[in-house]
Amino acid sequence: MQTLLRLALYGVVPLALLACAAEYNPLDDYEQLTPVTLLEAPPATANNHPPEAVARGQYLVALLGCGSCHTDGALVGEPSSARLLAGSGVGIAYSNPLAQANPGVVYPPNLTPDANTGIGNWTLEQIMVMVKSGTDNHGSQTLPVMPWPAYANITDDDARAIAMYLQSLTPVNHRVPANVRPGQRATAPFVHFGVYRSRP
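Below: a short report on this structure. (Residues numbered from 1 in each chain as written. Predicted model: local features only at pLDDT ≥ 70, side-chain atom pairs only at ≥ 80, totals over all residues. Heavy atoms only, no water.)

**Quick word on the overall build of the protein chain**
Inference 1: Along its length, the protein chain carries seven helices and three strands.
Inference 2: The helix and strand sequence of the protein chain, counted from the amino end, reads α-α-α-α-β-β-α-α-α-β.
Inference 3: Of all 200 residues assigned to the protein chain, the portion counted as buried reaches 38%.
Inference 4: Within the protein chain, residue pairs in contact and separated by at least 24 positions form 61% of the contacts whose partners lie at least 6 positions apart.
Inference 5: Per element, the accessible surface of the protein chain, about 12,300 Å² overall, is 55% carbon and sulfur. (Helix = DSSP H or I, 4+ residues; strand = E, 2+ residues; numbered from the N terminus. Buried < 20%, exposed > 50% of the residue type's maximum accessible area, 1.4 Å probe, protein only. Contact = heavy atoms within 4.5 Å. Areas by Shrake-Rupley, 256 points an atom, 1.4 Å probe, with all protein chains shown as cover.)

What follows is the structure, encoded as structure tokens:
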């Protein structure tokens with residue numbers, strides 16, 4: 001912008017072009033939202049696991065902020081209390097929508113033990129593996145949108161407590177949209193989180 005201003009002062013760049021450059025904002029097509037990042041973890045209802053382990057898991061799920069992505073509406077500041085940890089109908093772009101018209105989008109899945117739409121058919125061990133390594137029950141690696149690299153060093157006891165807590169939730173039947181590969185058009189809404197630095 002400073003270069004354009006200097007060139008405009010010397011008559012090299014028309015002032016109309018300078019005005020266009022000053023008005024351009026690549027974020028104009030996007031709405032700024034305030035996601036909800038602190039949510040209570042829903043209460044456990046099943047009694048299949050030791051209560052102290054389930055309570056520890058509930059504490060850890062709240063501490064790690066799992067609900068801020070896995071609760072419907074939380075990403076856009078309107079969390080659904082009926083769908084706590086039951087997945088999000090709003091996705092997260094994992095490629096840059098400013099550089100690519102159709103970014104890849106991940107829709108955070110349902111973490112309740114619903115057999116059809118959640119993790120009801122997962123074993124305790126499969127949930128622990130997902131938490132610590134990002135590998136799902138089919139052996140596929142998830143994208144780091146799910147911050148499993150930050151959880152890789154939690155203890156097995158903590159991962160087990162999280163898994164026991166999730167298995168103790170009331171099942172919520174809520175199917176989230178399918179993930180979208182880069183270049184495909186998303187038919188459900190999404191948000192974009194990114195980290196940028198200036199070019200040298």
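**Focus on the packing of helix α3 (residues 51-64) against helix α7 (residues 156-167)**
Inference 1: Remark: α3 packs on α7, axes separated minimally by 7 Å, with the N-to-C direction vectors making an angle of 95°. Comparing their axes, α7 and α3 come out roughly perpendicular. In this structure, α3 contributes Ala53, Val54, Arg56, Gly57, Gln58, Leu60, Val61 and Leu64 to the contact, and α7 contributes Asp158, Ala161, Ile162, Met164, Tyr165 and Leu166.
Inference 2: Within the contact of α3 with α7, the residues separate by chemical class into 10 nonpolar, two polar and two charged. (Axes fitted to C-alpha atoms, helices over the stretch in contact; angles between N-to-C directions. Parallel < 35°, antiparallel > 145°, perpendicular 65-115°, else oblique. Nonpolar A, V, L, I, M, F, W, Y, C, P; charged D, E, K, R; others polar.)

**Some words on the environment of threonine 135**
Inference 1: Within the secondary structure layout, threonine 135 lies in the loop between α5 (124-133) and α6 (148-151).
Inference 2: Look at threonine 135 and you get buried, because its relative accessible area is 19%.
Inference 3: Distance in space between the C-alpha atoms of threonine 135 and tryptophan 148 is 9.2 Å, their sequence separation being 13 residues.
Inference 4: Leaving out residues up to four positions away in the same chain, threonine 135 has contacts with Gln126, Val129, Met130, Ser140 and Gln141.
Inference 5: Of the polar contacts made by the side chain of threonine 135, one reaches the side chain of serine 133; its length is 3.2 Å. (Polar contact = N/O pair within 3.5 Å; in protein donor to acceptor, adjacent residues only side chain to side chain.)

**Things to note about unusual backbone geometry**
Inference 1: Of note in this structure, leucine 85 is not a glycine but carries a positive phi near 65°.
Inference 2: If you trace the backbone, leucine 85 turns up in the loop between α4 (67-70) and β1 (91-93).
Inference 3: On the basis of relative accessibility, which here comes to 1%, the residue leucine 85 falls in the buried class.

**Overview of the pattern of salt bridges**
Inference 1: Per the counting criterion, the structure on display carries four salt bridges.
Inference 2: Residue lysine 132 is joined to aspartate 156 by a salt bridge in which the shortest nitrogen-to-oxygen separation is 2.9 Å. One end of the pair, lysine 132, is in helix α5; the other, aspartate 156, is in helix α7, with 24 residues separating them in the sequence. (Salt bridge = Lys/Arg side-chain N within 4 Å of Asp/Glu carboxyl O.)

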